[in-house]
Structure formats: C-alpha cells, structure tokens
Amino acid sequence: VCFPLLLYSIVLYCIILHCILRCIDAGDTAMHLALRQKKYVCAHALLVLGARTDIRNDAGLTQEDLILKMTGMTPHLFRRETEVGAYYLCQSSC
C-alpha cells in the first residue's frame, strides 16, 4: 500500500526537479539529474518506471556512465540494490 504512493511521490519530485534545473543543465534527463545529486531512490524509481539509460547529455555522458561513475555498479545491479533500500525506506515511513 505504501510503496506505490512513495514511488509516485518520488517520481513527481524528479519531474519537478528536472523542470527547475533544465535551464541550468541543458541536455540532462531526470535520471542524469537524480544521479548527479545522489538522489538514488529517485533514480531507482525512474528505472522501475522504464527510464532509458542510453541517452547522452551535452557532455556525452549516458545515465549508464553516471550510474557506474557515481556508484560503481551496472544499471542492473544498481536497480536491484536500491530496490532493497527503497523497501526499507517505505517500511520505516509507514
């Protein structure tokens, strides 16, 4: 019951964050922004909802590049590892 509401809230936050910072960070997707700001639960929510990880920003970096650079994990491993963290976050806030 809690997880869908939490997921919706996180994605909404990501969309707002993306809109606000788009002028500053031209070419970045919501995933780029979430990763650079270390909002890993937000990045996980985007992955769960099917966000692509192969889009390049103006600097030529894909989301896969950033996941590897910021966390040292592949996108698949990142998704699996953050899923556990999102579950515990949900349990503690309900």
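Fair warning: this is a prediction, and the values are worked out from it, not measured in the lab. (Residues numbered from 1 in each chain as written. Predicted model: local features only at pLDDT ≥ 70, side-chain atom pairs only at ≥ 80, totals over all residues. Heavy atoms only, no water.)

Asker: Would you mind going over the overall build of the chain with me for this structure?
Answerer: Scanning the chain from N- to C-terminus turns up five helices and zero strands. Written out in order from the N terminus, the α and β elements of the chain read α-α-α-α-α. Split into buried and exposed, the 94 residues of the chain put 35% on the buried side. A sequence separation of at least 24 residues applies to 58% of the contacts in the chain between residues at least 6 apart. Roughly 5,800 Å² of accessible area belongs to the chain as shown, and the carbon and sulfur atoms make up 62% of that amount. (Helix = DSSP H or I, 4+ residues; strand = E, 2+ residues; numbered from the N terminus. Buried < 20%, exposed > 50% of the residue type's maximum accessible area, 1.4 Å probe, protein only. Contact = heavy atoms within 4.5 Å. Areas by Shrake-Rupley, 256 points an atom, 1.4 Å probe, with all protein chains shown as cover.)

Asker: Just to check I follow, could you spell out the environment of Lys-38 for this structure?
Answerer: Tracing the backbone through its elements, the reader meets Lys-38 in the loop between α2 (30–36) and α3 (40–48). Overall, the relative accessible area of 56% leaves Lys-38 in the exposed class. Linking Lys-38 and Met-70, residues 32 residues apart in sequence, is a C-alpha distance of 7.9 Å.

Asker: Please explain the side chain of Thr-29 as it appears in this structure.
Answerer: Structurally, Thr-29 can be placed in the loop between α1 (2–21) and α2. What makes Thr-29 buried here is its relative accessible area of 18%. In terms of polar contacts, Thr-29 uses its side chain to reach the side chain of Gln-63, at 2.9 Å. (Polar contact = N/O pair within 3.5 Å; in protein donor to acceptor, adjacent residues only side chain to side chain.)

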